[in-house]
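An overview of the molecular structure
So the chains spell out like this:
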Amino acid sequence: MQMMVQDLKQDITRGDDLIQSSSADLISSHEQLIACRVELKNMALTIQAMKLCIPVLDMYERLMEELHNKNYYSAIKLLGQLEHTYLPPIASYSFAGIMKQQIPKILQTIKEISRCDLKDFLKIIREKSLDIGLNAMWQCHHIMNTDIPADRILGRKPKDIEDGPLDFLNFSPIYRCLHIYSIIGERKDFFREYHEDRRKQADLTFKFIPKEEDSLQDNRDYFCNIVGFFVIENTLLHTTQGLVTKSSIDELWEMALACLGNLDQLLLSKGNKPQQLLNLKLLLVLLCQTLGGFDFNVTKLYKLLVNLYQKYCDSLQNNWKDKFKEAFGKDNYSPIIVDTELELKEMMGCAFDVMDRSGMTYPAQLPFSIMVPKVFVLMEKYIESSLQFATHLDLSQTEVDDLVRKSTNELLTKTLNECLLDLIKEKNLVLSQIVQVSVNTTYLQKYSHCMESFVSSKTGCTFASTTQVKDLYGLKMFDDVTEESKKQIHVKLTQKIDEFFELSRYNWTATQARDIPSDYMTDMLTYLTNKFRTFTQLERRVACTACQEAGKHIANQLLEIFLDPNITQMTRAALDTLDQDVIAYEGFAIDEPVQGIKKIDMLIPIQPLRNVINMIKQSDYDKYIAEYNNRFHSNQHISPTQLARILERFLDKESKKFSLKSFTLTKSDKEINQLLETVIKKLRTLETHDSDSTTPKMIARKLSQIKSY
């Protein structure tokens, strides 16, 4: 048994050894198989990982290329795919984490670059606004076909008027920026940044800075920039969603209107010339027409133009004031002589149709000087100049007509009126020139209504309510000039009369009377007669008033000479000499030196002196004393004291004898002297009583004397 067991053990050992030796290769092969299977699995896993990573790396490489090529919009799209599609499957890899950490930094970089692109775009549109605005205004002018001189106002003409804003400017940068900000979820931030920067540009664009010397080029650039600004905004309104809205454009437009609305105030402090204002108006009209075509509300701008029209007229009137004065300075103040009717028509302009030419033969002498036709020609040019501004203001024909009429009335009633007043007040003018100016004024006033039909012919408005206008053109227009001419004629006549009176030499102690007037009186009346003959073309009331004032002044001078307190003695011969001068004046007055004047009006001023002379020569003192308390007595202009002093002159101061020894008297000289002294005492008593009296009756008598004088 033991042997069998031992044999079995040996067999088993040999079998085991045999098995071990025979399976060693198998085990080695198995281990090799396991190792190959592990390697194969690892390779499969590696291939799978590589399949996941290689696209990510390719995407990242493309991202870098897009960033390098500045294709930021594509880069952002790749970033989105990378972050949300490609990186999550390989999130366990460290390089994926690094990439994920780089994505916000890359987005921020793209955002900063986009912001810079936006700034660059805004800078470009700021520079291109001028060209875009100029092209838009030319397009509007070409479409509307107005009579505005665009070649002069707008300057250079674009090569292709049909070009639009997209032809002048590449809008892709702002579109790209908008998409980038939209993708990164910061669309509102982009809107805010754009509008903030655009508002700053608007402040610079809309602000009008007046210069020392305004030029057409400066103003043209200003308005073209405004038009270009809003054309760009309007383009973005229709090519983007939400970036530019109607409300945002309206807000900017209100800013522009506020700045443009201050133009008239800014220009008030500057002495702009009419042509500068006219150019400004034409630019504003082109702006209104252009932006009006883009549905902007330009009503306020047209109101601004109406306000500027008044400033334009004020500037125009200042120029015309100089032109009127120049015409007055070149006038020879002599009536015009015309040889033919054609010459008259060319000279008078629109006033030719209202002239009364019936019975006129040529050559004909007109009552007025060359100043009158020159004034009418200047007024015609003024109306045409004012009409240049009044057109294209979006006004009806009636409103344009009213504007021109109002301006024309101001020219007539203010500018021309003031120039005529200044002319009449000039010290260098002699009487004949003042008379001619007054005659000219009369005919200017007479023919002024011809401006009515001239305005209608220019504005084409024949149905306007012109009642008030005609009143302004009427009789009251040159009242101030007429009154001033009367005053100046009176001043010149008075000065000349005073010059003659300075030549007067009365010998109050003369013993022999003259039977003819004094030389100065004869010369003065001859001068006045000749001068008054030239008053035939003067308005009758002006001529009569001048003549009456001259008569009053002569009478007052004679009375003043007679009442001179320095005269202490007077003889009958001296009194007769003065009487001859009074008679000469009375003869002058009776001859009616001016047609239509009443004799009584010329004789009344000399009547006080005539009454005193007659009273002394007739010794009729009792009548004066008896009538003194009568408020209507004939010698109320001579006080008792004055009369007493006059009578004292005829007393001999040494012998107390009356010096009127040549009077034919029935009484002795002594009785006459006593009678005269008695009269003087009574007169002194009357004056003393009158000066002490304060009763209402006496005061009323004094006032009535002043009033009647």
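Now for a description of the structure that goes with this document.

What counts and how
- Residues numbered from 1 in each chain as written.
- Predicted model: local features only at pLDDT ≥ 70, side-chain atom pairs only at ≥ 80, totals over all residues.
- Heavy atoms only, no water.
- Core = buried A, V, L, I, M, F, W, Y, C linked by side-chain atoms within 4.5 Å.
- Buried < 20%, exposed > 50% of the residue type's maximum accessible area, 1.4 Å probe, protein only.
- Contact = heavy atoms within 4.5 Å.
- Patch = residues over 30% accessible without salt bridge, like charges linked within 9 Å, V, L, I, M, F, W, Y side chains within 5 Å.
- Areas by Shrake-Rupley, 256 points an atom, 1.4 Å probe, with all protein chains shown as cover.
- Salt bridge = Lys/Arg side-chain N within 4 Å of Asp/Glu carboxyl O.
- Helix = DSSP H or I, 4+ residues; strand = E, 2+ residues; numbered from the N terminus.
- Axes fitted to C-alpha atoms, helices over the stretch in contact; angles between N-to-C directions.
- Parallel < 35°, antiparallel > 145°, perpendicular 65-115°, else oblique.
- Nonpolar A, V, L, I, M, F, W, Y, C, P; charged D, E, K, R; others polar.
- Phe/Tyr/Trp six-rings, centres within 6.5 Å; stacked < 30°, edge-to-face > 60°.

Next up on the list: the nonpolar core. Counting residues in each nonpolar core, the largest one holds 179 residues, and the members touching the most others are F230 and L558. Excluding residues that lie within four positions of it along the chain, F230 makes contacts with F206, I249, L252, W253, A256, L291 and F296. Listed in part, the 19 residues of the second largest apolar core include C53, L78, M99 and I103.

A cluster of nonpolar side chains, contributed by M1, M4 and V5, occupies part of the molecular surface with about 380 Å² of accessible area. Along the polypeptide, V5 turns up in helix 1 (residues 2–68). Note on V5: relative accessible area 48%, which makes it partly exposed.

Next up on the list: the packing of helix 20 (residues 519–533) against helix 21 (residues 540–562). Packing of helix 20 against helix 21 brings their axes to within 12 Å, and their N-to-C directions diverge by 170 degrees. In this view, helix 20 runs roughly antiparallel relative to helix 21, as classed from their interaxial angle. Along its contact with helix 20, which presents Y520, M521, M524, L525, L528 and F532, the element helix 21 presents C547, A550, I554 and L558. Considering only residue class, the contact of helix 20 with helix 21 consists of 10 nonpolar, no polar and no charged.

Within this structure, the stated rule accounts for 24 aromatic pairs. Measuring from centroid to centroid gives 5.1 Å for Y222 and F223, while their planes differ by 70 degrees, and the two rings are edge-to-face. Ring geometry for Y506 against W508: centres 5.1 Å apart, planes inclined by 20 degrees, an arrangement best described as stacked. Overall, Y506 belongs to the buried group, its relative accessible area being 15%.

We now examine the pattern of salt bridges. Evaluated as defined, the whole model comprises 23 salt bridges. D11 is the salt-bridge partner of R14, the closest N and O atoms lying 2.0 Å from each other. Taken together, the residues R14 and D11, both in helix 1 and three residues apart, mark about one turn of the helix. The exposure class of R14 is partly exposed, given its relative accessible area of 49%. Here D11 falls in the partly exposed class, since its relative accessible area comes to 40%. One salt bridge connects E112 with R115, and the closest N-O pair in it is separated by 2.9 Å. Of this pair, E112 and R115 both sit in helix 3 (residues 94–144), three residues apart, roughly one helical turn. The exposure class assigned to E112 is partly exposed, which follows from its relative accessible area of 35%. Salt bridges sharing common partners tie together R572, D576, D579, E586, R610 and K617.

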